[in-house]
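Listed below, chain by chain, are the residues.
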Amino acid sequence: MQTMTRIELAAADDVDTFWHHAAALAASGVPHEALVVDIAGGTADLFGGTPATAPSSSPQTAYGISTVLRALGTTALLHTDPQRFRLFYRLMRRLEAEPYLLSIASDPDVARAAALHKAVRRDMHKMTAFVRFREIVAPDGQPAFIAWFEPEHHIVAAIAPFFVRRFANMRWSILTPRRSIHWDGETLVVAAGATRRDAPTGDPVEDVWRTYYANIFNPARLKVQAMQTEMPKKYWHNLPESDLIAPLIKSARSRTAAMIAAPASIPAKPIQRPPAISAPPLTMATVIAPGPDAVTLESLADEEASCRRCPLFQPATQVVPGNGAPDARLMFVGEQPGDQEDIAGVPFVGPAGNVFNIALERVGIDRTQCFVTNAVKHFKFEPRGKRRLHKKPNTSEIDHCRWWLDIERKLVKPQLIVALGVTAARGILGKTVTISSMRGQIQPLNDREHVLVTVHPSYLLRLTDEADKRREWNAFLADLATAKDWLADHPRL
Ligand code: URA
């Protein structure tokens with residue numbers, strides 16, 4: 001019987017130790033069939049044979065592991081497949097004789113490694129999308145946030161930096177069965193797993209979120225299968241909106257039929273239809289949007305859907321009209337829809353929208369009472385492989401799109417408009433300004449409206465330095481609090 005060589009990892013995601021030992025064993029010529037990988041507290045690699053020799057200490061070795069294999073293993077080795085370490089060791093050994101092995105997608109080992117990688121990436125994506133924090137009051141009286149999540153693979157420590165970046169200024173814990181991660185605003189701690197009972201089951205913020213979810217749910221766009229692929233049922237029980245999903249799906253058919261049967265809303269005075277194909281030249285007549293005397297936001301959204309004022313309508317999935325309370329006193333204007341907004345047809349539902357929602361929640365502004373829109377109504381992007389990378393709209397696109405923003409302003413009649421970033425400021429003011437010259441001051445726009453300029457939430461997401469994040473987050477909250485206080489001091493007459 002073959003003598004087996006055993007290596008021991010401190011944990012199932014202890015990939016660094018695996019690489020370290022694997023390089024040493026490969027340098028000594030240990031065949032892949034002879035490898036046993038033990039994980040403290042359990043065995044990762046279950047197969048026949050009698051484990052015998054543990055490597056005494058890892059000799060210093062010049063054995064070079066393929067960088068491509070390493071990159072693949074960084075994710076794939078977080079899979080729960082008990083054979084994963086052996087697979088990667090076998091690939092290491094095979095690469096010695098078959099240097100092009102990794103480019104042969106049909107090779108069973110390569111295909112398996114790619115499948116593990118894909119499954120782990122998907123699990124990571126699901127975790128970034130479906131973790132929901134519940135607010136609690138920590139023993140020191142300060143707010144803290146706890147989430148419960150059940151990933152399929154050993155991804156928790158690897159994904160932790162994402163949550164640190166995203167929620168840098170919150171104190172939070174994410175509890176999972178195998179690992180938990182805790183962030184106090186400064187230090188990340190990876191600790192033992194927990195049980196669902198350790199996590200709270202609800203908080204007041206969830207009502208806002210549930211209302212919001214129910215509002216953006218469009219029965220006509222419902223594709224149950226696609227929805228379940230993107231949001232598999234097993235994640236539903238952790239989502240505050242989950243108990244809305246079944247009834248919403250159930251009622252979708254009748255709501256869709258009602259939507260189809262409902263007569264189209266006809267504007268009292270038809271709004272000027274834009275030319276059908278190419279972008280018209282920008283003239284003062286188009287820059288200063290007259291706007292119709294009486295249309296509804298619904299009919300305006302229909303008109304926006306056929307907008308051809310600039311070329312951005314072509315690659316975008318759909319127009320993203322403003323959304324919110326039709327008589328809001330407070331209007332927020334962002335830059336343009338992002339990838340997720342383009343798909344959902346609703347502004348600020350992606351990563352920047354998350355930051356925005358959390359900030360509103362922190363200062364006590366109810367988003368459902370506001371009107372949220374963008375200076376530019378179509379997503380401008382650059383295709384990069386399967387991804388669509390955001391591209392900043394240019395001044396011509398902003399100026400063409402002001403037509404729609406002006407009509408939204410006319411219909412909603414907000415008292416205060418908050419410009420989120422420079423594009424929004426140009427959309428509102430009709431000229432380019434710097435954030436630093438206007439930030440935080442409330443200024444009259446005309447006899448009805450005031451404006452407050454602040455940063456865009458995605459600016460906060462791009463910051464990398466911890467101190468900058470903290471400072472800028474607080475400054476953003478302070479600007480929103482200024483808006484809230486001003487509205488309290490200026491009731492609508
Ligand atoms: N950024 C914006 O400016 N608007 C959105 O709707 C989403 C992201």
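Not measured: the values here are computed from a predicted model.

Draft legend 1. Inspection of the overall build of the protein at higher detail. Of the regular secondary structure elements, the protein holds 18 helices and 17 strands. Counting all 493 residues of the protein, 48% fall into the buried class. The long-range share in the protein, meaning contacts at least 24 apart out of those at least 6 apart in sequence, stands at 75%. Carbon and sulfur atoms provide 57% of the accessible area of the protein, an area that totals close to 23,900 Å².

Draft legend 2. Just the confidence of the model for the protein, in detail. Chain-level statistics for the protein give a pLDDT mean of 83 and a share of 77% at 70 or above. This model gives residues 43-54 a pLDDT under 50, and the stretch forms 37 contacts once residues within four places in sequence are excluded. Below pLDDT 50 for its whole length, residues 263-294 participates in 57 contacts with residues either more than four positions away or in separate chains.

Draft legend 3. Geometry of the site of the ligand. Near the ligand the following residues occur: Gly334, Glu335, Gln336, Pro337, Gly338, Glu341, Pro347, Phe348, Asn374 and His456. Between the ligand and Phe348 there is a distance of 2.8 Å, counted from an oxygen atom to a backbone nitrogen or oxygen. One of the side-chain N or O atoms of Asn374 is found 2.7 Å from a nitrogen atom in the ligand. Protein chains shield 93% of the accessible area of the ligand, which is 240 Å² for the free molecule. Among the residues forming the shell around the ligand, the class breakdown is three nonpolar, five polar and two charged.

Draft legend 4. Geometry of the nonpolar core. Residues Leu330, Phe332, Val333 and Leu480 are the most contacted members of the largest nonpolar core, which totals 56 residues. Look past the residues within four positions of Leu480 in its chain and what remains in contact with it is Phe332, Ala359, Leu360, Val363 and Ile365. Ranked by size, the runner-up nonpolar core spans 55 residues in total, among them Leu77, Leu116, Val131 and Phe162.

Draft legend 5. Structural view of the sheet that holds strand S9 (residues 188-192). In spatial order, the strands read S5-S6-S7-S8-S9; together these five strands make up an open sheet with mixed pairing. The two strands at the open ends of the sheet, each matched to only one other strand, are strand S5 (134-137) and S9. Across the sheet, the mean angle from the axis of one strand to that of its neighbour is 20°, orientation sign disregarded. Taken together, the five bridges between strand S8 (residues 179-183) and S9 define a ladder with antiparallel strand orientation.

Draft legend 6. Highlighting the packing of helix H3 (residues 84-97) against helix H4 (residues 108-130). Put simply, H3 and H4 touch, their axes get as near as 10 Å, and they point 135° apart. Taken together, the axes of H3 and H4 are oblique relative to one another. For the pair H3 and H4, the crossing hand works out as left-handed. Along the contact surface, H3 presents Arg84, Leu87, Phe88, Arg90, Leu91 and Arg94, while H4 presents Asp109, Val110, Arg112, Ala113 and Leu116. Within the contact of H3 with H4, the residues separate by chemical class into six nonpolar, no polar and five charged.

Draft legend 7. Representation of the packing of helix H2 (residues 67-76) against H3 in the model. In the contact formed by H2 and H3, the axes pass within 11 Å of each other and the chain directions differ by 175°. The angle between the axes of H2 and H3 places the two elements in the roughly antiparallel class. On H3, the residues touching Leu69, Leu72, Gly73 and Ala76 of H2 are Arg84, Phe88, Leu91, Met92 and Leu95.

Draft legend 8. Just the sheet that holds strand S15 (residues 416-420), in detail. Read across the open sheet, the six strands follow the order S10-S12-S11-S15-S17-S16; overall the sheet is mixed. Sheet topology places strand S10 (323-324) and strand S16 (442-444) at the edges, where each strand pairs with a single neighbour. Pairing analysis gives five bridges linking S15 to strand S17 (residues 450-454), with the strands arranged parallel. Residue pairing for S17: Ile417 is matched across the bridge by Val451. Taken strand by strand, helix H14 (residues 395-412) contacts strand S11 (330-334), strand S12 (371-374) and S15, and its axis lies near 170° from that of S12.

Draft legend 9. How the structure looks around helix H18 (residues 466-489). With 24 residues, H18 extends 35 Å between its outermost C-alpha atoms, agreeing within 8% with the 34 Å of an ideal straight helix rising 1.5 Å per residue. Within the sequence span of H18, burial applies to Lys469, Glu472, Trp473, Phe476, Leu477, Asp479, Leu480, Ala483, Trp486 and Leu487. Two or three places before Ala467, at the start of H18, stands the capping residue Asp465, its side-chain oxygen 3.0 Å from that residue's backbone nitrogen.

So, how was this worked out
Residues numbered from 1 in each chain as written. Predicted model: local features only at pLDDT ≥ 70, side-chain atom pairs only at ≥ 80, totals over all residues. Heavy atoms only, no water. Helix = DSSP H or I, 4+ residues; strand = E, 2+ residues; numbered from the N terminus. Buried < 20%, exposed > 50% of the residue type's maximum accessible area, 1.4 Å probe, protein only. Contact = heavy atoms within 4.5 Å. Areas by Shrake-Rupley, 256 points an atom, 1.4 Å probe, with all protein chains shown as cover. pLDDT = per-residue confidence, 0-100. Near = heavy atom within 4 Å. Polar contact = N/O pair within 3.5 Å; in protein donor to acceptor, adjacent residues only side chain to side chain. Nonpolar A, V, L, I, M, F, W, Y, C, P; charged D, E, K, R; others polar. Core = buried A, V, L, I, M, F, W, Y, C linked by side-chain atoms within 4.5 Å. Pairing = 2+ DSSP bridges. Axes fitted to C-alpha atoms, helices over the stretch in contact; angles between N-to-C directions. Parallel < 35°, antiparallel > 145°, perpendicular 65-115°, else oblique. Left-handed = near helix turned anticlockwise from the far one by under 90°. Expected span 1.5 Å × (residues − 1).

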